[in-house]
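# Fold and geometry: a report
Residues per chain are reported as follows:
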Amino acid sequence: MIEVRHLTKKYGSFTAVDDISFTAQPGEILGFLGPNGAGKTTTMRVLTGYMPPTSGVVRVAGWDIFEESLDARRHIGYLPETVPLYPDMTVRGYVDFVADLRRVPKRRARVDEVLARVGMTERANSLIRNISKGMRQRVGLAQALVHDPEVLILDEPTIGLDPHQVIEVRQLVRELGQDRTLMFSTHILSEAEQVCDRVLIIEGGRIVAEGSPQTLRDRLQRGGRVYLRLEQTPPQGDVIAALEATGGVEAAAPEGDGYLIQLARGTDARGDIVETMLAHGWRVIELRPWAMTLEEIFLELTTAELAAPLRSGGRPKKPKKKAAKRRSKR
Amino acid sequence: MHGVWVIFKREMRQYFTSPIAYLVAFALLFMAGMVFMIDLRQRNGVAPADGTMILGFFAFIMIFLAPLLTMRLMAEESREGTIELLLTMPIRDAEIVLGKFLGAWAYYSLLLLSTIVYQIVMLTFSTPDIGAVIAAYIGIWLYGGSVIAVGMLFSALTENQIIAGFLSMAVLFLLWLADSVGALFDNIGVEAARFVRALSLRAHHSTSFLLGIFRLEDVFFYVGLMAVMLFITTQIVAARRWRG
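Everything numeric in this text was worked out from a predicted model, so none of it was measured. (Residues numbered from 1 in each chain as written. Chains lettered and ligands numbered in written order. Predicted model: local features only at pLDDT ≥ 70, side-chain atom pairs only at ≥ 80, totals over all residues. Heavy atoms only, no water.)

### What about the overall build of chain A?
- In terms of regular secondary structure, chain A is built from 13 helices and 14 strands.
- The buried share of chain A, reckoned over its 330 residues, is 52%.
- Of the contacts formed within chain A by residues at least 6 apart in sequence, a portion of 66% connects residues at least 24 apart.
- Carbon and sulfur atoms make up 51% of the accessible area of chain A, which totals about 14800 Å². (Helix = DSSP H or I, 4+ residues; strand = E, 2+ residues; numbered from the N terminus. Buried < 20%, exposed > 50% of the residue type's maximum accessible area, 1.4 Å probe, protein only. Contact = heavy atoms within 4.5 Å. Areas by Shrake-Rupley, 256 points an atom, 1.4 Å probe, with all protein chains shown as cover.)

Have a look at this one:
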């Protein structure tokens, strides 16, 4: 398991990670979601013992990553963002080198096993400089897995892969997460949604939201939204005016071929909406709940005014210059 | 210490697959062969053949060739990001530094051993003092360790191999000449000048080992230089963690 308490990491005067706390349990896939530069890689580098924290406590598999670093590192498998490969080594030679450093018992058999797991058996004797980007990523994974670690930390494992390879890696991540603690970072929201049991959203070095992809979505469904499509194409202004005149509708806006309707909290005006439309002679061909994608959640969470009530910690978020600037632009 | 051994093995493999290691070996053997031949010609009928001459040349040329071997040691790992792998393995920073150092020194030792060819040639027409030659080999071997340790320090300081190599050459050259450079410090004080002179890389073998004299202070000098350089290198690697 991973336990992080009040972790802060500063580079000089720049605070890359600002007082974050979380835990990850065995058998859990924890997604670490945030834009580039949010502090994901820095956090993972602290977690894996690559760099010490400025303050705070990190325990991995029960060991303090700073005080008992070697013991903690023994139980971690880590795939850094830039896969650390030696181009002049063969795939097998490289995985064997890591297995040797980690004193893996029955090394030969284990290396073969892990190469089979990531589907690299056939290219085991190729030089790393000659294999594709997707294969390199898999070799990196093999390296992280070779000692069957309790905790697996993967930094953007799908970056730079083609869609087919992305699906493969996601599948692998899901499998691997079943019997260990797995944490992986991504800036692709649909990926976190598909793969993770729990998501941490990080921005500007702070955790702005935490929960299962489902809860995060639910928490943002204030009054709920519905999507409406009509058979006819009457003037948009007329439809919006008619919708907004309907009881229980807070707002309406065009969206694609139809309209996105914000319902008032605690109401379900869907029946009324259909009646209103029919009264105008417009036939409803689609009316469905509009689930927010993580993309939208993300955008909303990373603007300060929405983030405050959603924060799990309850500590009020300090107003940030960046967020203020964004607001004034709108 | 398991980590030292694993790193050492990888380094040794690297030397036998890396073109630069072969180039260094080629350049060294080519030049040594020329120097040996010219020296024999000049001495012919004038002075007795000297088996340690080739070692003096070997030591000097290493000021320029050793940095080519050491410049990649740490700099390449930083540049390629593989340092992140090593620093998150369950091994100490010192094991990484020591493993790499021993790998480079072992390769140097092989180069040094290859000059035994000249000693064998020498044996066919002359009767060298075998004891003196052995002392010279020990001296040049220890000297090589300290040259490599200095190069390794500069490799840890920068991600840029060229800068690492160039700085190593410059500093090694200054240290080589330190016995002459020391004279410049005479005005400052006798003690300062003595100190600088004592740092000389060449004076610790040219006036002892190469003459067949085995002085403990010279052994201490080279071993001490290695220890200090490796210690600083380890500190630089550890400091990198803090800087990120």
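### Quick word on the interface of chain B and chain A
- Listed as interface residues are 26 residues of chain B and, on the opposing side, 28 residues of chain A.
- A:Asp100 serves as the salt-bridge partner of B:Lys9, at 2.9 Å between the closest nitrogen and oxygen.
- The interface formed by chain B and chain A includes 10 residue pairs in polar contact (both at pLDDT 80 or more).
- At the level of secondary structure, the elements contributing two or more residues to the side of chain B that touches chain A comprise helix H1 (2-17), helix H5 (82-87) and helix H13 (216-243) of chain B.
- When residues in the side of chain B that touches chain A are grouped by element, the largest group, eight residues, is from H1(B).
- Residue classes in the side of chain B that touches chain A are distributed as 10 nonpolar, seven polar and nine charged. (Salt bridge = Lys/Arg side-chain N within 4 Å of Asp/Glu carboxyl O. Polar contact = N/O pair within 3.5 Å; in protein donor to acceptor, adjacent residues only side chain to side chain. Nonpolar A, V, L, I, M, F, W, Y, C, P; charged D, E, K, R; others polar.)

### Considerations on the confidence of the model for chain B
All names here are of chain B.
- Residue-level pLDDT values for chain B average 90, and 100% of them are 70 or greater.
- For chain B, helix H11 (residues 190-198) is the element with the lowest average pLDDT, namely 83, and helix H6 (residues 93-114) is the one with the highest, namely 96.
- Taken over the whole predicted complex, pTM reads 0.82, whereas the ipTM for its chain interfaces reads 0.90. (pLDDT = per-residue confidence, 0-100.)

### Focus: helix H4 (residues 107-117) of chain A
All names here are of chain A.
- Arg110, Val111, Val114 and Leu115 are the residues of H4 that are buried. Taken around the axis of H4, the buried residues stretch over an arc of 135 degrees, which confines them to a single face.
- Residues of H4 that are buried sit in contact with helix H3 (91-101) and helix H5 (133-145).
- Following H4 by one or two positions, Gly119 adopts a phi angle in the positive range, close to 70 degrees. (Arc of directions from axis to C-beta.)

### As for the packing of H6(B) against H13(B)
Residue and element names in this part refer to chain B.
- Where H6 meets H13, the axes come as close as 9 Å, and the angle between the chain directions of the two elements is 135 degrees. On the basis of their axis angle, the class for H6 and H13 is oblique. Between H6 and H13 the crossing geometry is right-handed. Mapping the contact onto sequence places Asp93, Ala94, Val97, Leu98, Phe101 and Trp105 in H6 and Met226, Leu230, Thr233, Thr234, Val237, Ala238 and Arg241 in H13.
- Of the residues in the contact of H6 with H13, the class split is nine nonpolar, two polar and two charged. (Axes fitted to C-alpha atoms, helices over the stretch in contact; angles between N-to-C directions. Parallel < 35°, antiparallel > 145°, perpendicular 65-115°, else oblique. Left-handed = near helix turned anticlockwise from the far one by under 90°.)

### Side note on the nonpolar core
- In terms of nonpolar packing, the biggest core is built from 149 residues, with A:Phe22, A:Tyr94, A:Phe97, B:Tyr143 and B:Leu201 touching the most fellow members.
- When residues in this core are grouped by element, the largest group, 14 residues, is from helix H8 (residues 130-157) of chain B.
- Counting 16 residues, the second largest nonpolar core, distinct from the first, contains A:Ile240, A:Leu243, A:Leu263 and A:Ile273. (Core = buried A, V, L, I, M, F, W, Y, C linked by side-chain atoms within 4.5 Å.)

### Brief notes about the sheet that holds strand E1 (residues 2-11) of chain A
All names here are of chain A.
- With antiparallel pairing, the four strands of this open sheet are ordered in space as E2-E1-E4-E5. Of all strands in the sheet, those with a lone pairing partner are strand E2 (14-24) and strand E5 (63-64), marking the two edges.
- When E1 meets strand E4 (residues 55-60), the two strands line up antiparallel, connected through five bridges. What sits directly across from Glu3, in E4, is Arg59.
- Along the sheet face, helix H1 (residues 40-47) touches E1, E2 and E4 and points at about 120 degrees away from the line of E1. (Pairing = 2+ DSSP bridges.)

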